[in-house]
Amino acid sequence: MDTESKSKETFTSSAASAVAYEKWKDEIAKAAEGTLAPVNVDLGYAAKVMLTVATNVAPYRAELEKYGIDAASKMEELALAVVYANALHAWTLNRAIPLDEQSKEVLAHRRVLVAELELLQLRGIIDPAAVNLEGTTSYLAIGEDVRAIATAFLAAWDRVAPELGGRIEHVNEALVAADKLLAAVAENDKLRARSEGTALMRQAAWSLALAAYRELERGIAFVRFYEGDAELIVPTLFDKRTRKRKEAEGEEAVGEQVDGAPPAPAAPAPTNGPAPNLPSSPMAPSKSFEQ
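Cut-offs and rules
Residues numbered from 1 in each chain as written. Predicted model: local features only at pLDDT ≥ 70, side-chain atom pairs only at ≥ 80, totals over all residues. Heavy atoms only, no water. Helix = DSSP H or I, 4+ residues; strand = E, 2+ residues; numbered from the N terminus. Buried < 20%, exposed > 50% of the residue type's maximum accessible area, 1.4 Å probe, protein only. Contact = heavy atoms within 4.5 Å. Areas by Shrake-Rupley, 256 points an atom, 1.4 Å probe, with all protein chains shown as cover. Phe/Tyr/Trp six-rings, centres within 6.5 Å; stacked < 30°, edge-to-face > 60°. Expected span 1.5 Å × (residues − 1). Axes fitted to C-alpha atoms, helices over the stretch in contact; angles between N-to-C directions. Left-handed = near helix turned anticlockwise from the far one by under 90°. Nonpolar A, V, L, I, M, F, W, Y, C, P; charged D, E, K, R; others polar. pLDDT = per-residue confidence, 0-100. Salt bridge = Lys/Arg side-chain N within 4 Å of Asp/Glu carboxyl O.

1. Describing the overall build of the chain
Regarding its fold elements, the chain presents 11 helices and zero strands. Each helix (α) and strand (β) of the chain, taken in turn from the N terminus, gives the series α-α-α-α-α-α-α-α-α-α-α. Here the chain holds 291 residues, and the buried ones make up 43% of them. Contacts spanning at least 24 positions in sequence make up 80% of the contacts within the chain whose residues lie at least 6 apart. Just so you have it, the chain exposes about 16,100 Å², and 52% of that area is on carbon and sulfur atoms.

Structure below.
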């Protein structure tokens, strides 16, 4: 796998979602400091439902606003912010560098160097206490071991060279491979820390959008009480298609009633108005978020 191209992959994003995220970014950051709703739905599907609902409730906005309910416009913007925050988190995770292939190469170098080290120690050329090995419990340990052995060899090369046939190339190659692995480990550690931040912002954006959705849900239930069509105007956020597929596979489905959980909701109703402002393809950021 070409790890270099994977880490530099570029993405594109909807301008509307980017604008919405920037507009609500401060509020999302404040929300992240409090109690957040769990992300227990497919956020892409939930955002589509919210944007569809924004169209569905358009005829009732004036009546809702008479009762102080202005959640429709907020929910629409927050749904777009959720799409962007979700894409930002996925973009960060996707930049992680796969380390398996690199570690195999470094591990092979380690085996050779350890065998040579043991030989040199037996012959009294290198002090057994001069090199402390970490083992093979992690990528970091493998890389550090190779660096430690190679550095010890190079520091005493005048004495080591005759025992190794004067072959310094494999020592240098091992050192270069170890440095690349350790650099990749460090980069992944940075990305892991960054992904924790993007996950928090995604959850906070979802929490704000869900709160607006619930407010709108209650408002429509009130103004459409006698008509009895509130659930058609503001449908469930759960993807029933996913639930049915998991049921067919014998798995527990999201939104299904299990151990006291809420009952499985009905499928979302189609919109009565124009298509919502959401592209059909997956959303993703258009630029680096390392600033």
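2. Examining the packing of aromatic side chains
A full pass over the atoms with the stated rule returns three aromatic pairs. Here the aromatic rings of Tyr-21 and Tyr-84 are separated by 5.2 Å at their centres, their planes lie at 45°, and the arrangement is tilted. Of the two residues, Tyr-21 sits in helix H2 (residues 15-31) while Tyr-84 sits in helix H5 (residues 71-94), which places them 63 residues apart along the sequence. Its relative accessible area of 4% is what places Tyr-21 among the buried residues. Ring centres of Phe-225 and Tyr-226 lie 5.2 Å apart, and the angle between their planes is 85°; on these two criteria the pair is classed as edge-to-face. Residue classification places Phe-225 among the exposed positions, given a relative accessible area of 58%.

3. A look at helix H7 (residues 139-155)
Taking 1.5 Å as the rise per residue, H7 with 17 residues should run 24 Å; its terminal C-alpha atoms sit 24 Å apart, in good agreement. Among all positions in H7, only Ala-141, Ile-142, Gly-143, Asp-145, Val-146, Ile-149, Ala-150, Ala-152 and Phe-153 are buried.

4. Some details on the environment of Trp-24
Position of Trp-24 relative to the elements: it lies in helix H2. Taking the C-alpha atoms as reference points, Trp-24 and Ala-205, 181 residues apart in sequence, are found 8.4 Å from one another. Discounting chain neighbours no more than four positions away, the residues touching Trp-24 are Lys-74, Glu-77 and Leu-78.

5. Focus: the environment of Val-53
Structurally, Val-53 is set in helix H3 (residues 43-56). For Val-53, a relative accessible area of 0% corresponds to the buried category. Separated by 163 residues in sequence, Val-53 and Leu-216 have C-alpha atoms that sit 9.3 Å apart. Not counting residues up to four positions away in its chain, the partners in contact with Val-53 are Met-75, Tyr-213, Leu-216, Ile-233, Val-234 and Pro-235.

6. Some details on the packing of H7 against helix H9 (residues 169-223)
Put simply, H7 and H9 touch, their axes get as near as 9 Å, and they point 145° apart. Between H7 and H9 the crossing geometry is left-handed. Contact residues: Tyr-139, Leu-140, Gly-143, Glu-144, Val-146, Arg-147, Ala-150, Thr-151, Phe-153 and Leu-154 in H7; Val-171, Asn-172, Ala-174, Leu-175, Ala-178, Asp-179, Leu-181, Leu-182 and Val-185 in H9. Considering only residue class, the contact of H7 with H9 consists of 13 nonpolar, three polar and three charged.

7. Concerning the confidence of the model for the chain
The predicted model of the chain averages 80 in pLDDT, with 77% of residues at 70 or higher. For residues 252-291, every residue scores under 50 in pLDDT, and the model assigns this stretch 85 contacts once sequence neighbours within four places are set aside.

8. Focus: the pattern of salt bridges
Per the counting criterion, the structure on display carries 12 salt bridges. Salt-bridge contacts for Lys-104 lead to Glu-101; the nearest nitrogen and oxygen are separated by 3.5 Å. One end of the pair is Lys-104 and the other is Glu-101, both in helix H6 (residues 100-122) and three residues apart, which spans about a single turn. Here Lys-104 and Glu-101 have matching classes, each one exposed. Among the salt bridges present, the one from Glu-116 reaches Arg-167, with a minimum N-O distance of 3.6 Å.

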